[in-house]
Amino acid sequence: MESSSLPPLPLEPEALRQEIMQLKLEKGQLLEQQLQQTQAKVNQLYQEDIQQLEERKKTLQISVEQLERRQERIQTEMRSTFAGASQELAIRVQGFKEYLVTSLQDVALAAEQLELIPQTATPAPTKVSAEPKYTPKQAPDGSQAARSPTASTQPQFATQSFQEETRSIRRLLEQYRTTPNYYGPSWQLRRTFEPVHADRVAKWFFNLGGRGAVRSLGTRLQNILVASAVISILNELYGDRLHALILANAPERLGDWRRGLQDCLGVERADFGPDQGIGLFESPESLAQKADRLIKDDAIPLILLDDSEETVSLSVLQFPLWLAFVPEPQLRRERQQNDWFE
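Because the structure is predicted, anything quoted here is derived from the model rather than measured.

1. A closer look at the overall build of the chain
Line of reasoning, step 1. Counting its regular elements, the chain contains nine helices and five strands.
Line of reasoning, step 2. Contacts in the chain between residues far apart in sequence, at least 24 positions, make up 71% of those at least 6 positions apart.
Line of reasoning, step 3. Carbon and sulfur atoms make up 53% of the accessible area of the chain, which amounts to about 22,100 Å² in all.

2. Observations concerning helix α6 (residues 251-265)
Line of reasoning, step 1. The end-to-end C-alpha distance of α6, which contains 15 residues, comes to 21 Å, matching closely the 21 Å that a straight helix rising 1.5 Å per residue would cover.
Line of reasoning, step 2. Just past α6, the residue Gly266 takes up positive phi, approximately 70°.

3. Structural notes on the sheet that holds strand β2 (residues 242-247)
Line of reasoning, step 1. Within the open sheet, the five strands sit side by side as β1-β5-β4-β2-β3. Their pairing is parallel. What marks the edges here is a single partner per strand, and that holds for β1 (211-215) and β3 (278-281). The average angle at which neighbouring strand axes cross in this sheet is 20°, direction not considered.
Line of reasoning, step 2. As paired elements, β2 and strand β4 (residues 300-305) share six bridges and run parallel to each other. Bridge assignment links Leu242 to a residue of β4, and that residue is Ile300.
Line of reasoning, step 3. Helix-sheet contacts for helix α5 (residues 220-238) involve β2, β4 and β5 (321-326), and the interaxial angle to β4 is about 175°.
Line of reasoning, step 4. The sheet strands contacting α6 are β2, β3, β4 and β5, and the helix crosses β3 at an angle near 165°.

4. Some thoughts on the side chain of His243
Line of reasoning, step 1. Note that His243 resides in strand β2.
Line of reasoning, step 2. Overall, the relative accessible area of 15% leaves His243 in the buried class.
Line of reasoning, step 3. In this structure the side chain of His243 is engaged in a polar contact, spanning 2.9 Å, whose partner is the backbone oxygen of Gln276.
Line of reasoning, step 4. Residues contacting His243, with those up to four places away along its chain left out, are Gln276, Gly277, Leu294, Ala299, Ile300, Pro301 and Leu302.

5. Focus on the packing of helix α4 (residues 195-207) against α5
Line of reasoning, step 1. Close contact between α4 and α5 brings their axes to 10 Å; oriented N to C, the two are set at 50°. Taken together, α4 and α5 sit at an angle that is classed as oblique. Here α4 runs over α5; the crossing is right-handed. Between α4 and α5, the residues in contact are His197, Arg200, Val201, Trp204 and Phe205 and Gln222, Leu225, Val226, Ala229, Val230, Ile233 and Leu234, respectively.
Line of reasoning, step 2. Along the lines of polarity and charge, the residues of the contact of α4 with α5 split into nine nonpolar, two polar and one charged.

6. A closer look at the packing of helix α3 (residues 163-178) against α4
Line of reasoning, step 1. Running from amino to carboxyl end, α3 crosses α4 at an angle of 165°, the nearest separation of the two axes being 10 Å. Taken together, the axes of α3 and α4 lie roughly antiparallel to each other. Of the two elements, α3 crosses α4, and the hand of that crossing is right-handed. On α4, the residues touching Thr166, Ile169, Arg170, Leu173 and Arg177 of α3 are Pro195, Ala198, Val201, Ala202, Phe205 and Phe206.
Line of reasoning, step 2. Broken down by class, the residue content of the contact of α3 with α4 amounts to eight nonpolar, one polar and two charged.

7. Things to note about the packing of aromatic side chains
Line of reasoning, step 1. The tally for this structure, following the rule as stated, stands at four aromatic pairs.
Line of reasoning, step 2. Here Tyr176 and Phe193 contribute two aromatic rings whose centre-to-centre distance is 6.0 Å and whose plane-to-plane angle is 85°, an arrangement assigned as edge-to-face. With Tyr176 in helix α3 and Phe193 in the loop between α3 and α4, this pair connects stretches of sequence that are 17 residues apart. No difference in accessibility class separates Tyr176 from Phe193, as the two residues are buried.
Line of reasoning, step 3. Between the aromatic rings of Trp204 and Phe205, the centroid separation amounts to 5.0 Å while the plane-to-plane angle is 75°, which identifies the pairing as edge-to-face. Like Phe205, Trp204 is buried.
Line of reasoning, step 4. Residue placement shows Arg170 over the ring face of Phe206; its charged tip is 4.1 Å from the ring centre.

About the criteria used
Residues numbered from 1 in each chain as written. Predicted model: local features only at pLDDT ≥ 70, side-chain atom pairs only at ≥ 80, totals over all residues. Heavy atoms only, no water. Helix = DSSP H or I, 4+ residues; strand = E, 2+ residues; numbered from the N terminus. Contact = heavy atoms within 4.5 Å. Areas by Shrake-Rupley, 256 points an atom, 1.4 Å probe, with all protein chains shown as cover. Expected span 1.5 Å × (residues − 1). Pairing = 2+ DSSP bridges. Axes fitted to C-alpha atoms, helices over the stretch in contact; angles between N-to-C directions. Buried < 20%, exposed > 50% of the residue type's maximum accessible area, 1.4 Å probe, protein only. Polar contact = N/O pair within 3.5 Å; in protein donor to acceptor, adjacent residues only side chain to side chain. Parallel < 35°, antiparallel > 145°, perpendicular 65-115°, else oblique. Left-handed = near helix turned anticlockwise from the far one by under 90°. Nonpolar A, V, L, I, M, F, W, Y, C, P; charged D, E, K, R; others polar. Phe/Tyr/Trp six-rings, centres within 6.5 Å; stacked < 30°, edge-to-face > 60°. Lys NZ or Arg CZ within 6 Å of the ring centre and 35° of its normal.

Note that all results are geometric; they support no functional claim without further evidence.
Okay, here's the thing in structure tokens:
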């Protein structure tokens with residue numbers, strides 16, 4: 001009688017099966033949800049990485065484009081400045097040239113009046129000798145020529161009596177420009193030589209007579225290339241008698257000159273020194289003393305002035321060969337402002 005009052009029990013196997021199925025379903029849904037969340041996080045991280053890479057790519061592209069535009073601007077400026085395509089720049093350069101030449105002539109005249117040059121010989125005032133004052137190291141046909149024991153240490157490349165040397169210089173300039181020898185012997189130019197460099201060298205030899213200033217090419221390395229061509233040509237003409245003396249007002253600039261000349265001429269560190277082929281100086285007084293000693297020893301000093309030199313010392317103007325690089329007026333003002341702020 002008591003057993004009939006109890007509620008009936010559900011079928012246990014059926015309930016268990018339903019519960020198992022429900023658990024499996026919940027488990028599958030949970031796993032799927034977790035998988036979706038994980039996939040979403042992975043996709044988010046992937047997208048963030050992709051975005052960062054895209055930003056870096058855009059930044060690099062912008063930098064490359066800026067460098068390309070800068071290269072194009074520099075090339076355009078070089079073409080317009082050095083080839084004379086820009087009328088405005090040509091007028092500015094011509095005016096600056098006339099001002100500089102006039103100033104240097106006045107300074108040279110004042111130096112002569114002060115008798116800074118030792119009067120070793122008095123040339124004829126109106127006549128030019130029909131024979132050259134020196135014999136070049138190598139004749140135009142390639143044969144070696146002996147030097148006269150009375151060879152002059154003051155070459156004058158612009159005079160009419162140096163036609164043979166003029167042809168040799170023009171031949172070497174054409175050789176440097178058209179057939180560069182990157183593995184040639186020491187003291188010969190080993191780098192690519194563009195027409196703009198050849199114009200600077202030809203102007204210094206033939207228009208300025210080996211004594212004067214030319215406009216800087218904008219960078220010290222470009223100026224060193226021009227100076228290296230001058231040294232290479234004079235070495236062909238004078239050989240071991242030539243000594244290059246570089247004047248710059250800072251050790252780091254002199255370091256640039258040493259490395260640049262080593263690269264352009266194939267010279268070694270042993271070629272640099274007070275008694276070697278190339279001397280480095282920070283003061284014009286010490287350079288002038290060295291040049292005086294070289295002339296007394298029948299050697300030929302070539303004085304090279306870095307474009308950082310603001311003025312040309314009178315002690316330098318007395319020597320037969322000197323080349324100064326003059327920066328643009330605007331660049332000079334910027335340098336002066338930078339030096340003031342430093």
